[in-house]
Amino acid sequence: MRKIVIAGNWKMFKTQAESENFLSGFLPHLEETPSEREVILCPPFTDLSVMSKYLHGSRVNLGAQNVHWEENGAYTGEIAAPMLTEIGVRYVIIGHSERRQYFGETDETVNLRLKAAQKYGLTPILCVGETKQQRDAGETEKLISTQLEKDLVDVDQTNLIIAYEPIWAIGTGDTCEATEANRVIGLIRDQLTNPHVSIQYGGSVKPNNIDEIMEQPEIDGALVGGASLEADSFARIVNYQ
Ligand SMILES: O=C(CO)COP(=O)(O)O
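Residues numbered from 1 in each chain as written. Predicted model: local features only at pLDDT ≥ 70, side-chain atom pairs only at ≥ 80, totals over all residues. Heavy atoms only, no water.

K.L.:
Can you tell me about the overall build of the chain, naming the residues and giving the values?
P.N.:
Along the chain, the regular secondary structure elements total 10 helices and eight strands. Its C-alpha atoms give the chain a radius of gyration of 17 Å, near enough to 18 Å, the size a compact globule of 241 residues would have. Along the first, second and third principal axes, the C-alpha atoms of the chain reach 45 × 45 × 35 Å. Going through the 241 residues of the chain one by one, you find that 52% of them count as buried. Contacts spanning at least 24 positions in sequence make up 72% of the contacts within the chain whose residues lie at least 6 apart. (Helix = DSSP H or I, 4+ residues; strand = E, 2+ residues; numbered from the N terminus. Rg over C-alpha atoms; globule rule 2.2 N^0.38 Å. Buried < 20%, exposed > 50% of the residue type's maximum accessible area, 1.4 Å probe, protein only. Contact = heavy atoms within 4.5 Å.)

Encoded structure:
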């Protein structure tokens, strides 16, 4: 059975005080959320500890936005998996296009991070997706297939979530057609050895398009950026019809 997973990626937004304010507005909405839906919030590192305490006993799980592959060491600015698991973090986003674009993340480092996350018991959310230029050149399938091939070397597919995030749809309001996202996600699934991996769609997911996205048979959830920053908006997404 593939699990439905709805995750909010807060990127570089929200102080601790703002994160607690969000939770006080958001948590009451979860009374309506079907129990089989997994709800995850991925805030900045500085919010994780305070949110973990706040969320104790709640059904919301925490994810980080990155993790290093070493257990510790002289890697200024990085975070190690045991630092995350110790405070109750269960998931970690790896290979987001913003990391690949602005911070030199490569398929090789993505692969190292995926394996390290799994080694320490975190479930990675691996992001893949094409640029507008690659899409226009008809290279979507080839690009994603190459990303998967390189990123997933020796990665355990029984503890993995994948997010298909077309880069041109991120933060632009220009959502990928739900049927097209469904098609690409079907192609991703064809390339996996485990048919039970949950595959999310990400890119301008909003309260007004979540229902159509979740109607698609191949789409198992959403990775939500901007619309996860406001409690009512993310609640509407988590409580899709
Ligand atoms: O990058 C994203 C989630 O990881 C998507 O961001 P938006 O929902 O703001 O387009």
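Text resumes after the structure shown.
K.L.:
Any chance you could break down the environment of Thr193 for me, citing the residues and the numbers?
P.N.:
Checked against the element boundaries, Thr193 lands in the loop between helix H8 (178-190) and strand E7 (198-202). Counting along the chain gives 15 residues from Thr193 to Asn208, while the straight-line C-alpha distance between them is 34 Å.

K.L.:
Which residues make up the sheet that holds strand E6 (residues 161-164), and what values do they have?
P.N.:
The eight strands lie next to each other as E1-E2-E3-E4-E5-E6-E7-E8, forming a closed barrel whose pairing is parallel. Looking at each pair of strands side by side, their axes are set apart by 25° on average, direction ignored. Relative to strand E2 (residues 37-42), strand E1 (residues 4-9) runs parallel, the two sharing six bridges. Bridge pairing links Ala7 to Ile40 in E2. Set on the sheet, helix H2 (residues 45-54) makes contact with E2, strand E3 (60-64) and strand E4 (89-94); between it and E3 the angle comes to about 155°. Set on the sheet, H8 makes contact with strand E5 (123-128), E6 and E7; between it and E7 the angle comes to about 145°. (Pairing = 2+ DSSP bridges. Axes fitted to C-alpha atoms, helices over the stretch in contact; angles between N-to-C directions.)

K.L.:
Hey, could you go over the UniProt feature "binding site: substrate" (unreviewed entry) in the chain for me, with residue numbers and the actual values?
P.N.:
The UniProt feature table records "binding site: substrate" (unreviewed entry) at Asn9, Trp10, Lys11, Gly171, Ser204, Gly225 and Gly226. Spatial clustering of the annotated residues is evident: they stretch over 218 residues in sequence, but the largest pairwise C-alpha distance comes to 13.9 Å. Among the annotated residues just listed, those lining the largest pocket are Asn9 and Lys11. With respect to the helices and strands, Trp10 occurs in the loop between E1 and helix H1 (16-26). Setting aside anything within four residues of it in sequence, one finds Trp10 in contact with Ser19, Phe22, Leu41, Cys42, Pro43, Pro44, Asp47, Met51, Gln65, Ser228 and Leu229. You can see Lys11 is positioned in the loop between E1 and H1. The residues touching Lys11, leaving out its near neighbours within four places in the chain, are Cys42, Pro44, Gln65, His96, Glu98, Ile170 and Gly225. (UniProt positions renumbered as here; feature names shortened; annotations may be inferred. 1 Å grid on protein atoms, 1.4 Å probe; cavity = no way out; pocket = protein on both sides within 12 Å on 5 of 7 lines; lining within 4 Å.)

K.L.:
Just give me the short version of the pairing of E4, but keep the residues and values in it.
P.N.:
Among the six residues in E4, five count as buried, and that is most of the element. In the sheet, E3 pairs with E4 via three bridges, with the strands oriented parallel. Counted as the bridge partner of Ala64 is Val92 from E4. Note that E4 and E5 share four bridges and pair parallel. Bridge pairing in E5 links Tyr91 to Thr123.

K.L.:
Which residues make up the layout of surface pockets, and what values go with them?
P.N.:
In this structure, the largest pocket spans a volume of roughly 490 Å³. In terms of lining, the largest pocket is formed by 16 residues, of which the most central are Lys11, Met12, Gln65, Arg99 and Phe103. In terms of residue count, the dominant contributor to the lining of the largest pocket is helix H4 (residues 97-102) (three residues). (Points joined across faces, edges and corners; volume = space filled by probe spheres on them.)

K.L.:
Break down the packing of helix H5 (residues 107-119) against helix H7 (residues 140-151) for me, with residues and values.
P.N.:
How two helices sit against one another is set out by the angle between their axes and by the gap between those axes. Contact geometry of H5 with H7 gives a least axis separation of 8 Å together with a crossing angle of 45°. Looking at the two axes, H5 sits oblique to H7. Crossing of H5 over H7 shows right-handed handedness. Between H5 and H7, the residues in contact are Asp107, Glu108, Val110, Asn111 and Leu114 and Gln147, Lys150 and Asp151, respectively. Across the contact of H5 with H7, the residue classes tally to two nonpolar, two polar and four charged. (Parallel < 35°, antiparallel > 145°, perpendicular 65-115°, else oblique. Left-handed = near helix turned anticlockwise from the far one by under 90°. Nonpolar A, V, L, I, M, F, W, Y, C, P; charged D, E, K, R; others polar.)

K.L.:
Can you break down the site of the ligand residue by residue, with the values?
P.N.:
Around the ligand, a shell composed of Asn9, Lys11, His96, Glu165, Ala169, Ile170, Gly171, Gly203, Ser204, Leu223, Gly225 and Gly226 is seen. A distance of 2.8 Å separates an oxygen atom of the ligand from a polar side-chain atom of Lys11. Residue His96 places a side-chain N or O atom 2.8 Å away from an oxygen atom belonging to the ligand. Residue classes in the shell around the ligand are distributed as three nonpolar, seven polar and two charged. (Near = heavy atom within 4 Å. Polar contact = N/O pair within 3.5 Å; in protein donor to acceptor, adjacent residues only side chain to side chain.)

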